[in-house]
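# Coordinates in review
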Amino acid sequence: QLQFALAPSRFIAAKCSRRAGKTTACGAKAIQELISRPNSIGIYLALTDRSVEDIFMPAVQPLLSKYKIKAKVNKDEILFENGSKLIICGANHTHKIETFRGIKLLFCIIDEAASFSEKILHYLIDEIIGPALSDLQGQLMLIGTPAAHCQGMFYDVTTGAEGSDVWLVKHWTA
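Structure report, in brief. (Residues numbered from 1 in each chain as written. Predicted model: local features only at pLDDT ≥ 70, side-chain atom pairs only at ≥ 80, totals over all residues. Heavy atoms only, no water.)

## Observations regarding the overall build of the protein
A tally of regular secondary structure across the protein gives six helices and eight strands. When the helices and strands of the protein are placed in sequence order, the string is α-β-α-β-α-β-β-β-α-β-α-β-α-β. Relative to its length of 174 residues, the protein is compact, with a C-alpha radius of gyration of 15 Å against a globular reference of 16 Å. With the principal axes as the frame, the protein shows a C-alpha extent of 40 × 35 × 30 Å. In the protein, which comprises 174 residues, the share counted as buried stands at 46%. Contacts in the protein between residues at least 24 apart in sequence constitute 74% of all its contacts with a sequence separation of at least 6. Accessible surface computed for the protein: about 8600 Å², of which carbon and sulfur atoms make up 52%. For the protein, the separation between the mean place of its 19 positive charges and that of its 17 negative charges on side chains is 7 Å. (Helix = DSSP H or I, 4+ residues; strand = E, 2+ residues; numbered from the N terminus. Rg over C-alpha atoms; globule rule 2.2 N^0.38 Å. Buried < 20%, exposed > 50% of the residue type's maximum accessible area, 1.4 Å probe, protein only. Contact = heavy atoms within 4.5 Å. Areas by Shrake-Rupley, 256 points an atom, 1.4 Å probe, with all protein chains shown as cover. Lys, Arg positive; Asp, Glu negative; His and termini not counted. Charge placed at Lys NZ, Arg CZ, Asp CG, Glu CD.)

## Observations concerning the sheet that holds strand S6 (residues 107-110)
Taking strand neighbours across the sheet as the criterion, the eight strands line up as S3-S4-S5-S2-S6-S7-S1-S8 in an open arrangement whose pairing is mixed. The outermost strands of the open sheet, each flanked by one partner alone, are strand S3 (71-73) and strand S8 (168-172). Within this sheet the neighbouring strands show an average axis-to-axis angle of 15°, counted without direction. Direction of pairing for strand S1 (residues 11-16) relative to strand S7 (residues 139-144): parallel, over a ladder of five bridges. Note that in S7 the partner of Ile-12 across the bridge is Met-141. Running over the sheet, helix H3 (residues 49-66) touches strand S2 (41-46), S3, strand S4 (77-80) and strand S5 (85-90) and is turned about 150° from S5. In the packing of helix H5 (residues 118-134) onto the sheet, the strands contacted are S2, S6 and S7, and the crossing angle to S6 comes to about 160°. (Pairing = 2+ DSSP bridges. Axes fitted to C-alpha atoms, helices over the stretch in contact; angles between N-to-C directions.)

## As for the pattern of salt bridges
As enumerated under the stated definition, the model contains four salt bridges in all. With its nearest N and O atoms 3.5 Å apart, the salt bridge here joins Glu-53 to Lys-75. Taken together, the positions of Glu-53 in helix H3 and Lys-75 in the loop between S3 and S4 put the pair 22 residues apart, joining distant regions of the chain. The class for Glu-53 is partly exposed, based on a relative accessible area of 36%. Of the charged contacts, one joins Glu-77 and Lys-85 as a salt bridge, the two residues approaching to 4.0 Å between their closest N and O atoms. (Salt bridge = Lys/Arg side-chain N within 4 Å of Asp/Glu carboxyl O.)

## Quick look at the packing of helix H2 (residues 22-36) against H3
Here H2 crosses H3 at 50°, and the two axes come no closer than 9 Å. Between H2 and H3, the crossing angle belongs to the class labelled oblique. Along this stretch, H2 crosses H3, giving a crossing that reads as right-handed. When H2 is examined against H3, the residues Thr-23, Thr-24, Gly-27, Ala-28 and Ile-31 are found in contact with a partner set consisting of Ile-55, Phe-56, Ala-59, Val-60, Leu-63 and Leu-64. In terms of residue class, the contact of H2 with H3 is built from eight nonpolar, three polar and no charged. (Parallel < 35°, antiparallel > 145°, perpendicular 65-115°, else oblique. Left-handed = near helix turned anticlockwise from the far one by under 90°. Nonpolar A, V, L, I, M, F, W, Y, C, P; charged D, E, K, R; others polar.)

This is how it looks when you write it as structure tokens:
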């Protein structure tokens with residue numbers, strides 16, 4: 001987890017077992033990046049808003065409390081005292097992800113990337129997130145567990161079939 005969280009690569013993927021702590025590792029990384037870079041924006045995306053509530057918030061809220069990090073937690077964002085913001089939401093519709101156009105991102109975390117529709121995942125990365133990361137040379141993180149269908153972008157990235165010269169891939173288990 002630490003190697004993943006500290007990796008300087010712009011494109012990083014984590015293929016892990018369930019309960020391996022990947023969301024917690026990403027939450028800790030997101031908090032650290034945003035409190036050390038004032039007025040920055042990061043995004044955590046899950047399949048749906050409900051999955052954000054059920055997966056990400058239970059991992060992040062204890063970190064904020066434990067380390068006494070002053071932040072305002074709303075349903076769709078966490079605002080830090082230094083002006084940085086973590087946008088948290090589901091990305092299950094193209095009209096929703098269009099709202100990310102034009103912002104400058106420090107990073108983007110896409111959780112359960114193997115479960116995203118290929119159409120949405122490619123559109124999200126190629127048309128929206130990729131350009132938003134380019135200004136700051138931000139980091140794109142794909143995390144998830146392997147899917148039974150053994151196909152798609154996450155599968156290709158984590159098996160080396162796509163972008164092995166671009167993507168850093170980490171694996172760990174619970």
